[in-house]
Amino acid sequence: MEYDIVIIGGGILGLSVANEILERNKNVKLAIFEKEDFLAKHQTGRNSGVVHSGIYYDPESIKSDCCIKGGFQLKKYCEKNKMPLKKIGKMIIANSEDELEDLYFLKQRAEVLQLKHRMLDTVGCKDVEPLAHCIEALYLPDVCITDYSAIAQSIKEKIQSSGGDFFFSSPVEKVECDVDHSYIYVKDKKYISKNVINCAGVYADSFLRSLHKRKIRIIPFKGVYWKTIGLKVNTNLYPVPNLKFPFLGVHFTPTVNDEVLIGPNAFLSLDKEGYGDFSFNFKDFLDIFSFSGFWNFSRRNLKACLKELKDSSRNSIWNSAKRMCPSLALESIKYHSSGIRAQAITKEGDLCDDFIFVNDGNVLNVVNAPSPAATSSFEIAKHVVDKIHL
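The written sequence of each chain sets the order in which its residues are numbered from 1. In view of the model being predicted, local features appear only for residues whose pLDDT reaches at least 70, and side-chain atom pairs are presented and counted only at 80 or more, with totals across whole chains, interfaces and linings using the full set of residues. Only hydrogens and water are set aside when side-chain values are computed; all heavy atoms of the structure are taken into account.

S.K.: Just give me the short version of the overall build of the protein chain, but keep the residues and values in it.
M.R.: In this description a helix means any DSSP run of H or I spanning at least four residues, a strand means any run of E spanning at least two, and both kinds are numbered starting from the N terminus. Helix and strand counts for the protein chain stand at eleven helices and 20 strands. Oriented by its inertia axes, the alpha-carbon framework of the protein chain measures out at about 65 × 45 × 40 Å. For every residue, the accessible area obtained with a 1.4 Å probe (protein chains only) is divided by the maximum for its type, and the residue is called buried under 20%, exposed over 50%, and partly exposed between those limits. Evaluated residue by residue, the protein chain yields a buried proportion of 55% over its 390 residues. In what follows, residue pairs with any heavy atoms lying within 4.5 Å of each other are defined as contacts. Partitioning the intrachain contacts of the protein chain with sequence separation of at least 6 by distance along the chain shows that 73% fall at a separation of at least 24. In short, Shrake-Rupley with a 1.4 Å probe defines the accessible areas, and a residue's cover is counted only from the protein chains shown. Accessible surface, the protein chain: about 17300 Å² in total, of which carbon and sulfur atoms supply 52%.

S.K.: Let's hear about helix α5 (residues 148-161): which residues, and what values?
M.R.: Over its 14 residues, α5 runs 20 Å from end to end, which matches the ideal 20 Å to within 8%, given 1.5 Å per residue. Along α5, the residues that are buried comprise Tyr148, Ile151, Ala152, Ser154, Ile155, Lys156 and Ile159. Residues adjacent in sequence count toward polar contacts only when both atoms are side-chain atoms; beyond that, a polar contact is any pair of N or O atoms within 3.5 Å, and within protein one must be able to donate a hydrogen and the other to accept it. Capping the start of α5, Asp147 holds a side-chain oxygen 3.0 Å from the backbone nitrogen of Ser149, two or three residues further along. Expected span of a helix: the number of residues minus one, times 1.5 Å.

S.K.: Before we move on, can you summarise the packing of helix α1 (residues 12-24) against helix α11 (residues 373-386) with the specific residues and values?
M.R.: For helices, the fitted line uses only the C-alpha atoms of the stretch in contact; every axis is such a line through C-alpha atoms, and the angle between N-to-C directions lies from 0 to 180 degrees. In the contact formed by α1 and α11, the axes pass within 8 Å of each other and the chain directions differ by 50 degrees. Considering the angle they form, α1 stands oblique to α11. At the point where α1 passes α11, the crossing takes the right-handed sense. Between α1 and α11, the contacting residues are Ile12, Leu13, Ser16, Val17, Glu20, Ile21 and Arg24 on the first element and Ala374, Ser377, Phe378, Ile380, Ala381, Lys382, Val384, Val385 and Asp386 on the second. Put simply, Ala, Val, Leu, Ile, Met, Phe, Trp, Tyr, Cys and Pro go in the nonpolar bin, Asp, Glu, Lys and Arg in the charged bin, and everything else, Gly too, in the polar bin. A class-by-class count of the residues in the contact of α1 with α11 yields ten nonpolar, two polar and four charged. Reported orientations rely on four angle classes, namely roughly parallel under 35 degrees, roughly antiparallel over 145, roughly perpendicular from 65 to 115, and oblique for the rest. Note on convention: near helix rotated counterclockwise from far helix by under a right angle means a left-handed crossing. Clockwise means right-handed.

S.K.: Explain the nonpolar core to me, using residue names and the numbers behind them.
M.R.: Residues belong to a common nonpolar core when they are buried Ala, Val, Leu, Ile, Met, Phe, Trp, Tyr or Cys residues joined through side-chain atoms within 4.5 Å. Ranked by size, the top nonpolar core spans 42 residues in total, and within it Ile7, Val17, Ile21, Ile151 and Ile197 carry the most contacts. Contact partners of Val17, with chain neighbours within four places excluded, come to Ile7, Ile197, Cys199, Ala381, Val384 and Val385. Formed by 26 residues, the second largest nonpolar core is a distinct cluster that contains Cys125, Leu231, Ile262 and Ile333.

S.K.: An account of the pairing of strand β15 (residues 251-254) is requested, with residue identities and associated values reported.
M.R.: Of the two faces of β15, the one holding His251 and Thr253 and the one holding Phe252 and Pro254 are both buried throughout. Paired strands, as defined in this entry, are two strands with at least two bridges between them according to DSSP. With four bridges connecting them, β15 and strand β16 (residues 260-263) associate as antiparallel partners. Looking across to β16, one finds that Pro254 is bridged to Val260. Turn length for the β15-β16 hairpin, with the two strands adjacent in sequence and antiparallel, is five residues, and the turn residue Asp258 shows positive phi of about 65 degrees.

Shown next as structure tokens:
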């Protein structure tokens, strides 16, 4: 079977790319290959549902631009298609003097990005959320929450109505290219396409040629979510993050299903789909530990890595969370779920902070698209489609 474009990966990013292609040219013959038997099994369906504001990202980065523009487009899509969307705001909380410098830095960035915001003192903080505690906080009132799994299903229906083909339970084993075509191998079948777009998330580096894969690798970081029993907050509560890393710290997030999630933390997973407590995949283990970039990163950040691992217990999560919400009781938090963040690392050991696209013959690889990729997905799709010939 022959196509104009094949997309590997049926998460919200792959779906958004497919939708953007068909909106620009409905005559394109397009297929999406998804290794699972249903949508949103991994990163798309295992997150807190926040529509991010873009405040954490360098204003000159692709990530910042895509997050702000993509968030606006996502909200419009939700409103138009009656998808779940609630505006509940977000509070970034400082509870010690040494966090204030980074908090003020984020305030300056909010001003540069023209994000609606205001500073709160201890009293003002409780006016917004009576259960929260801070020395000072930065409040972003326009932050929303949504259901990315529902959005993914909605986009799938649009793609199907425009003639796009879906292949579920169809893991792509390899892609080969000549000058004019790509050959996609799935189980015992071969498909032909003029172009391939790789949106495979944590497996995105699997389709890179060895030249590129020696330079960059996807490392899976696991994050655990807990949920509160009884306790409710009405806005997102985030700590001031360590701006040296792309992880945001343990936070409270109300969901559109009226739950309150706490988490996630971030520590190395030895299984790219390792959602269980002791998940281990030998192939993934070798892939991680054979990469020089992992060792370079670990040597430079050993203290932070060990701290994240130590702080992954229920007690540690509780201790982190109750700094922002002192009335939180240990017995009122229960395990909810876990997710894997697909984080690219260079051979030098640097965490890739921006979205990364690698053109490799007829294959365009979306190599690094961790959070806020779901928020940014509609705008990332525009970047991707601009790079191919329709």
